[in-house]
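Topology and contacts: notes
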Number of protein chains: 2
Amino acid sequence: MRAERSRFDLDTGVEMREPGLFRAEISPEWCIGAAPNGGYLLAIVLRAFQAALPYRDPITVSCHFFAVPKVGNAEIEVDVLRVGRTLARGEARLIQGSVEQLRVLAALGTIEPTDAPALVGFGDPPAMPPPDECVPTGATTPDGRPSPVRQHLEIRYHPESVGWAHGAPTGIAEVRAWMRLADGSPPDNLLIPLLLDVLPASVYDVGVTGWVPTVELTVHQRARPSTDWLLCSVTCRFAAAGVIEENGEVWDEEGRLIATCRQIALLPKSSKS
Amino acid sequence: MRAERSRFDLDTGVEMREPGLFRAEISPEWCIGAAPNGGYLLAIVLRAFQAALPYRDPITVSCHFFAVPKVGNAEIEVDVLRVGRTLARGEARLIQGSVEQLRVLAALGTIEPTDAPALVGFGDPPAMPPPDECVPTGATTPDGRPSPVRQHLEIRYHPESVGWAHGAPTGIAEVRAWMRLADGSPPDNLLIPLLLDVLPASVYDVGVTGWVPTVELTVHQRARPSTDWLLCSVTCRFAAAGVIEENGEVWDEEGRLIATCRQIALLPKSSKS
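Bear in mind the structure is a predicted one, so any value in this text is a computation, not a measurement.

Definitions and limits used
Residues numbered from 1 in each chain as written. Chains lettered and ligands numbered in written order. Predicted model: local features only at pLDDT ≥ 70, side-chain atom pairs only at ≥ 80, totals over all residues. Heavy atoms only, no water. Helix = DSSP H or I, 4+ residues; strand = E, 2+ residues; numbered from the N terminus. Rg over C-alpha atoms; globule rule 2.2 N^0.38 Å. Buried < 20%, exposed > 50% of the residue type's maximum accessible area, 1.4 Å probe, protein only. Contact = heavy atoms within 4.5 Å. Areas by Shrake-Rupley, 256 points an atom, 1.4 Å probe, with all protein chains shown as cover. Lys, Arg positive; Asp, Glu negative; His and termini not counted. Charge placed at Lys NZ, Arg CZ, Asp CG, Glu CD. Salt bridge = Lys/Arg side-chain N within 4 Å of Asp/Glu carboxyl O. Nonpolar A, V, L, I, M, F, W, Y, C, P; charged D, E, K, R; others polar. Least-squares fit on C-alpha atoms with pLDDT ≥ 70 in both. Polar contact = N/O pair within 3.5 Å; in protein donor to acceptor, adjacent residues only side chain to side chain. Pairing = 2+ DSSP bridges. Disulfide = S-S within 2.5 Å.

Right, let's talk about the overall build of chain A for a bit. Counting secondary structure elements, chain A contains four helices and 16 strands. For a compact globule of 273 residues, the expected C-alpha radius of gyration is about 19 Å, and chain A comes in at 18 Å, within 12% of that figure. Based on the C-alpha atoms only, the size of chain A along its principal axes is roughly 50 × 40 × 40 Å. Sorting the 273 residues of chain A into buried and exposed places 61% on the buried side. For chain A, the share of sequence-separated contacts (at least 6 apart) that also reach a separation of at least 24 residues comes to 69%. By element, 52% of the accessible surface of chain A is carried by carbon and sulfur atoms, the whole surface being about 10,500 Å². Here chain A contributes 25 positive and 34 negative side-chain charges, whose respective centroids are spaced 5 Å apart.

As a further point, take the interface of chain B and chain A. On the side of chain A, 61 residues touch chain B, which itself brings 61 residues to the contact. Counting every contact that joins chain B to chain A gives six salt bridges. A salt bridge links R222(A) to E245(B), with the nearest nitrogen and oxygen atoms 3.9 Å apart. Of all the elements, strand β16 (residues 257-266) of chain B adds the most residues to the side of chain B that touches chain A, at seven residues. Classifying every residue of the side of chain B that touches chain A gives 33 nonpolar, 13 polar and 15 charged.

Moving on, we get to the environment of R145(A). Residues and elements named next belong to chain A. Positionally, R145 belongs in the loop between β10 (135-136) and α3 (149-152). Overall, the relative accessible area of 33% leaves R145 in the partly exposed class. In sequence terms R145 and I32 are 113 residues apart; their C-alpha atoms lie 7.6 Å from each other.

Relating one copy of the chain to the other takes a rotation about an axis and a shift parallel to that axis. In the superposition of chain B on chain A (RMSD 0.0 Å, axial shift 0.0 Å), the rotation amounts to 180°. Read as a symmetry element, the transformation amounts to a two-fold axis. Of the C-alpha atoms belonging to chain B, the one lying closest to the rotation axis is found on S62(B), 3.3 Å away. The share of interface residues of chain B whose copies in chain A are also at the interface is 100%, consistent with both copies meeting through the same surface.

All names here are of chain A. By the secondary structure assignment, E246 is in strand β15 (residues 243-252). An unpaired buried charge is present at E246: no salt bridge exists, and R262, the closest side chain of opposite charge, is 11 Å distant. Every residue in contact with E246, bar those within four places of it in the chain, is listed here: A201, S202, V203, V234, T235, C236, C261, R262 and Q263.

All names here are of chain B. The topology assignment puts Q221 in strand β13 (residues 214-221). The spacing of Q221 and L199 is 22 residues in sequence and 18 Å in space, taken between C-alpha atoms. Apart from the residues within four sequence positions on either side, Q221 is in contact with P58, I59, I111, N189, I192, I258 and A259. A distance of 3.4 Å separates a polar atom in the side chain of Q221 from the backbone oxygen of A223.

The next point concerns the pairing of strand β2 (residues 21-26) of chain A. The pairing of strand β1 (residues 14-18) of chain A with β2(A) spans four bridges and is antiparallel. In the sheet register, M16(A) faces β2(A), and the bridge partner there is F22(A).

This brings us to the state of the cysteines. Overall, the coordinates contain zero disulfides over all chains when judged by the stated rule. In this structure C31(A) is a free cysteine whose sulfur lies 16 Å from that of C63(A), the closest cysteine sulfur available. With no disulfide of its own, C134(B) lies 12 Å from the sulfur of C232(B), the closest cysteine sulfur. Judged by its relative accessible area of 9%, C134(B) falls in the buried class.

Once that is clear, we can look at the pattern of salt bridges. Scanning all chains against the criterion turns up 38 salt bridges over all chains. R93(A) is the partner of D79(A) in a salt bridge, and the nearest nitrogen-oxygen pair spans 3.0 Å. With a gap of 14 residues between them, D79(A) in strand β6 (residues 72-83) and R93(A) in strand β7 (residues 88-96) connect regions that are remote in the sequence. Taking relative accessible area as the criterion, D79(A) reaches 30% and is therefore assigned partly exposed. Close ionic contact of R47(B) with D188(B) constitutes a salt bridge, the shortest N to O distance being 2.8 Å. Of this pair, R47(B) sits in helix α2 (residues 38-52) while D188(B) sits in the loop between β12 (174-181) and α4 (192-198); the two residues are 141 residues apart in sequence, bridging distant segments of the chain. Assessed through its relative accessible area of 12%, R47(B) is described here as buried. Connected through salt bridges with shared partners, the residues E77(A), D79(A), E91(A), R93(A), E100(A), R103(A), E77(B), D79(B), E91(B), R93(B), E100(B) and R103(B) form a single ionic network.

Below, the structure written as structure tokens:
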């Protein structure tokens, strides 16, 4: 039965107070440690965009994080910047107390269920065994922090990913995992940023340790997911000047690319770049 | 002699009218056809950020284009959003008449001249013959439009790039070129967005024709360029739902990664995705 609203849908809901002003409740259920997942926060903001703009699919979304929002009340201000026949543009600010925690520039459009990315080069899904041959996660992070988000997502790592979690970093800055909602709901198209941001930092497998706060996350959605299990892959190519870049991809079980993302994050002070 | 200000430096200058409000003159010299290059416009906006924020290097910059700005006067409004010890955050809007043409969210920081990206995986410079074995561009675009920007940049294509310009698309959505300022000035670090945006769309070599307007361009700078010639590479992996994604990289002659970029652009209506 999939008639009820999913937990993810409920926890990303927004309530319109007046045009352009929304109220949301940031749930503790999508935290890693005490910090709400950045992709979960972006999903809340995207719900506000969907309510304020005439289109529903996030074609390109740039999210700049200024601070770490807290569980609890938040307000989201949305400015409609431009509405065209193909795209609608907007800006949103997530505010707690009087502090702006993050700001998003977005272009929403329409992705038809039949739209599938045409391969014009360089694009194959990463090699991955099926979910039942992959490694499930535990209920806490490898360093022992509670991770409520793991109650709500099933995560199955590639057997050769996340060596660092077992004390044996692989030396390759890449994480691959199948992910799906634990309550059996199909993935809605605002789930993508959460999936991409919930994976461990790929640089843990090259010896970086500690928290890697996101400065900016850009998500480009390319298709609507059509299977429950989604293959998520994150890699890091370069670390420099105190920051790392991570590149993510989401594919469905039919081998269709659903989304790409790129983020800039701060290296922990103890790490060498 | 490199004592004078470069043409690029002069043409990207901004004048502060009051704190947070700048005036700029968009020059016809950096146009392709009648349209100012998007990377040139972003460089102007970055000059305003440099004047308004305490740091000079664009660590991550998200530029959303709403329309095509015209040559001539423009105003740039800059909001300082957050100043920290590592990064300063700001937003800028480029306005002509009363029309907002583009909006930028940025994090500026400090990249030391000695900072060089550490390779953590997947990162080699693209294969490329030296500049004198590459193919110079003509003064107009292959479809005959005047291209003033080509007077100010020397561009040397990889011999196997831009087959479409000679009527023989290569079938590979990739363009590689060496580029440097024609007046002999060393590249300043705001030149990068221009270089990345001035290359022809990589999808021309897989049969797409026509103008490919940029919706959003994100640039991540990783090092300061230390050589005049810079190797710029742009590839496209996927086209879907009427948009293409392009990925760019800039390397210097010493094999250091200077910057990466990713953009979303609209496919011409006549093209199949």
